[in-house]
Amino acid sequence: MSAPIRFFHASQLHTVSDQPVTRTLLQYLREDSHCTSVKEGCAEGDCGACTVVVGELRNGALQMRSANACLLPLASLHGKAVFTADQLGSREAPHPLQEAMVSCHGSQCGFCTPGFMMSMWSIYLQRADRGTPATRPEIQRALSGNLCRCTGYRPIIDAMQVAESMPERSFDRQALATRLAGIAEEDHFHYSAQQQHWHAPRTLDTLLTLRKDMPDATLIAGSTDIGLWITKQFRALGDFISVANVDVLHQCCRKEDEIQIGAAVSVEQAYRTCLDEYPELAELADRFASLPVRNAGTLGGNIANGSPIGDSMPWLIALGARIELASINGTRQIPLEAFYTGYRQKDLRPEEVVTRILIPLRAKDRLFRVWKISKRIDQDISAVCIALSATLADGHLHDVRIGAGGVAAIPARARQTEAVIEGKLWDQATLEQACTAITDEFSPISDMRASAAYRRQLCANLLRRFWLETSPFSEAKDAALSLTAYAAAGEQQ
Ligand SMILES: Cc1cc2nc3c(=O)[nH]c(=O)nc-3n(C[C@H](O)[C@H](O)[C@H](O)COP(=O)(O)OP(=O)(O)OC[C@H]3O[C@@H](n4cnc5c(N)ncnc54)[C@H](O)[C@@H]3O)c2cc1C
Ligand code: FES
Ligand code: FES
């Protein structure tokens, strides 16, 4: 039976029963709730003007994370709390962040300011856990999804640091957790309006039964891809089945031989989980979209969307990851590269959902690198993303795996190039053969991100970089060749 959407905003419980299923949180806040501190800049997750903080209970623990209101369907807020900049403080008692923004001259036209405030507040809230003030790189990370076209970023980052040096403004997490515990107790949330339905089950069994009964419904997780189909492409998406509330799909664990990541685990958490085992992912983990997009988007959504320029597939393919697909008839596991059968086509049966991603632990002496090439450092889509892994023994490379994005209609494995390198001495001659092989292996397209020729050249250049960093014949072996790592190290000092 259909129930209303219930969530907290500005200390009030909002009960919504007549809004279209695809109405976004941003539209609701501005147009129905008249909360105009939330701005609309791009309506596609790029500018951060609409940034809010969303509080939710996950396995009993309160999470407070920044998110883009323009991407979130209102129904996905059921059982949660939304915070906007106007709630931070008042004219009489401004929040330290607000005082610091004024004293540091962090706002000129002010259009971007509420969004910045919420990104800043999301990490201000973590200061008790951190125990130390946020560093400039940490602040930059938190602000990676916020654009300012007139003030510039230095005074805004200064403001965050100044606010952290002021007496703390506490936030009653326990009170919020108690309130949230009381509003969304159902095992299967079902909302319907204008003959469109939104289902959000809590158990995997109910999810799989719904999928069997509604094979044409749109599966939805964090809505960071689907949000654009709604706001930009005005697609008719029919009914929705959300995987976001299924507890078991939020599990992340490390087993004896692999890391298991539930499909509904956020991109942010998934990458953080893998960093211990594969620290080489650090730069990509920060350059995948922005923090609010990574907070909402899921690893399962990235994989299931299957974009040829998605960032997770190259490194997952290079590491030999498998995915688990489940239906009421049972589960199966396949190598990730076998999932993609054509442009946006997948080996996913109508009654199936992606449930887990299984990533092997690092084998001894395993080399691994991943590089994302895009026009901007933050919040940009890859022109090319290449990941390589191999085991080096006596100067020879074995078990070579190369994953590539942006070079074909699907996230691809460079099998011909792998074959050229496999078992060979990792010297200059092998490198040159490999560069020729990878240039010939793919037929990339030219588009606004990069020309086909540039993409081909990048593939070869990144192989050269792999050689420079890993070959026993390279004089630059083990040197820090990453400009962004170099810049970040400088900022830390
Ligand atoms: C501003 C912005 C920047 C971005 N930058 C990047 C970037 O740098 N790199 C990058 O790779 N991506 C980027 N993206 C794309 C997006 O954030 C990712 O693809 C994200 O991981 C999608 O996850 P989601 O949970 O939001 O998926 P959703 O939008 O909810 O769903 C995406 C697709 O996956 C399907 N799906 C979701 N979960 C499942 C499941 N469990 N089983 C089966 N099907 C499922 C849905 O039906 C849909 O087809 C960006 C997006 C935005 C808006
Ligand atoms: S309006 Fe630009 S990110 Fe939402
Ligand atoms: S103050 Fe004008 S866009 Fe930031």
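Looking up the protein chain in an unreviewed UniProt entry gives the name Xanthine dehydrogenase small subunit, with the organism given as Undibacterium luofuense.

S.K.: Would you mind going over the sheet that holds strand β17 (residues 366-373) with me for this structure?
M.R.: Within the open sheet, the four strands sit side by side as β17-β18-β19-β20. Their pairing is antiparallel. Here the strands that pair on one side only, and so sit at the sheet edges, are β17 and β20 (412-413). Contacts between helix α18 (residues 452-470) and the sheet are confined to β17, β18 (384-393) and β19 (396-405), with β17 contributing the most and set at about 145° to the helix.

S.K.: Mind showing me how you'd approach the sheet that holds strand β5 (residues 81-83) here?
M.R.: By way of backbone hydrogen bonds, the strands of a sheet pair with one another, either parallel or antiparallel. Ordered by their spatial adjacency, five strands build an open sheet running β2-β1-β5-β3-β4, and the pairing between neighbours is mixed. Both edges of this open sheet fall to β2 (12-16) and β4 (61-68), since each of them pairs with a single strand only. Taken over all neighbouring pairs, the strand axes of this sheet differ in orientation by 30° on average, direction set aside. The pairing of strand β3 (residues 51-58) with β4 spans eight bridges and is antiparallel. Bridged to G55 within β4 is M64. Lying on the sheet, helix α3 (residues 113-124) is in contact with β3, β4 and β5; it crosses β3 at an angle near 35°.

S.K.: Even after reading the chapter, I still don't get the packing of aromatic side chains, so can you show me in this structure?
M.R.: Aromatic ring pairs: the centre-centre distance and the angle between the two ring planes describe each pair. All chains considered together, the criterion is met by 11 aromatic pairs. Ring geometry for F83 versus W121: centroids 5.4 Å apart, planes at 55°, classification tilted. Of this pair, F83 sits in strand β5 while W121 is found in helix α3, placing the two residues 38 residues apart along the sequence. Per residue, the accessibility class of F83 equals that of W121, and both read buried. Where F116 meets Y153, the ring centres are 6.2 Å apart and the plane angle is 50°; that geometry is what we call tilted. You can see F116 sitting in helix α3 and its partner Y153 sitting in the loop between α5 (136-142) and α6 (154-164), a full 37 residues away along the chain. Exposure remark for F116: the relative accessible area of 0% places this residue in the buried category. In this structure Y153 comes out as partly exposed when scored by relative accessible area, which is 32%.

S.K.: Which parts of the structure should I look at to understand the site of ligand 1?
M.R.: Lining the immediate environment of ligand 1, one finds 33 residues, of which L219, T224, D225, T298 and D311 sit closest. L219 places a main-chain nitrogen or oxygen 2.5 Å from an oxygen atom of ligand 1. The separation between an oxygen atom of ligand 1 and a polar main-chain atom of I226 is 2.9 Å. Look at ligand 1: alone it shows 980 Å² of surface, and the protein chains cover 94% of it. For the shell around ligand 1, the secondary-structure elements that each account for two or more residues are β8 (218-220), α9 (226-231), α13 (299-305) and β16 (353-360). With four residues, α13 is the single largest residue contributor to the shell around ligand 1. Within the shell around ligand 1, the residues separate by chemical class into 16 nonpolar, 11 polar and six charged. A domain-level breakdown of the shell around ligand 1 finds at least three residues from each of domain 1 (5-86 + 174-242) and domain 3 (251-470).

S.K.: Explain helix α8 (residues 204-213) here, please?
M.R.: Note that an α-helix has 3.6 residues per turn; residues three or four places apart therefore point the same way. When we look at burial in α8, the residues that qualify are L207, L208, L210 and R211. The arc enclosing the buried residues of α8, seen along the axis, measures out at 160°, which places them on a common side. Opposite the buried face of α8, at more than 90 degrees from it, the exposed residues are D205 and D213. Residues of α8 that are buried in the fold lie against β6 (188-193), β7 (196-201), β8, β9 (240-242), β12 (322-327) and β16.

S.K.: What is the right way to read the UniProt feature "domain: FAD-binding PCMH-type" (unreviewed entry) in the protein chain from this model?
M.R.: The positions that UniProt labels "domain: FAD-binding PCMH-type" (unreviewed entry) are, in the present scheme, residues 191-364. Across residues 191-364, the secondary structure splits into 32% helix and 28% strand, with the terminal C-alpha atoms separated by 50 Å.

S.K.: How do you make sense of α6 when you look at a structure like this?
M.R.: α6 sits mainly inside the fold: eight of its 11 residues count as buried. All of the buried residues along α6 are P155, I156, I157, D158, A159, M160, A163 and E164. Structurally, α6 contributes buried residues whose contacts are with α2 (96-103), α3, α4 (127-130) and α5.

Conventions we followed
- In this convention, every chain numbers its residues from 1, walking through the sequence in written order.
- The lettering of chains begins at A and the numbering of ligands begins at 1, in the order of writing.
- Local features in this predicted model are restricted to residues whose pLDDT is 70 or higher, and side-chain atom pairs enter the listing and the counts only when it is 80 or higher, whereas totals over whole chains, interfaces and linings include all residues.
- For the side-chain quantities, the full set of heavy atoms in the structure was used; hydrogens and water were omitted.
- Strand pairing is assigned whenever DSSP detects at least two bridges linking the two strands.
- Helix and strand definitions follow DSSP, with helices as H or I runs of at least four residues and strands as E runs of at least two, each counted in order from the N terminus.
- Should any heavy atoms of two residues lie within 4.5 Å, those residues are considered in contact.
- Axes here mean lines fitted to C-alpha atoms, for a helix over just the part in contact, with angles spanning 0 to 180 degrees between N-to-C directions.
- In this scheme Phe, Tyr and Trp rings, the latter by its six-membered ring, pair at centre separations within 6.5 Å, and the angle between planes marks the pair as stacked below 30 degrees, edge-to-face above 60, and tilted otherwise.
- Note on exposure labels: buried denotes an accessible area under 20% of the residue type's maximum, exposed denotes more than 50%, and partly exposed covers the range between, all computed with a 1.4 Å probe on protein chains only.
- Proximity is defined per residue: if any heavy atom of the residue lies within 4 Å of a molecule or strand, that residue is considered near it.
- N or O atoms closer than or at 3.5 Å make up a polar contact, with two conditions inside protein: a donor-capable atom paired with an acceptor-capable one, and, for residues adjacent in sequence, both atoms drawn from side chains.
- To be clear on the numbers: accessible area is Shrake-Rupley with a 1.4 Å probe, and residue cover counts the displayed protein chains and nothing else.
- Amino acids are sorted into nonpolar (Ala, Val, Leu, Ile, Met, Phe, Trp, Tyr, Cys and Pro), charged (Asp, Glu, Lys and Arg) and polar (every other residue, Gly among them).
- Residue ranges assigned to each domain were obtained from an automatic or database domain assignment.
- As used here, the arc belongs to the directions running from the helix axis to the C-beta atoms.
- UniProt positions are given in the numbering used here, feature names are shortened, and annotations may be inferred rather than shown by experiment.

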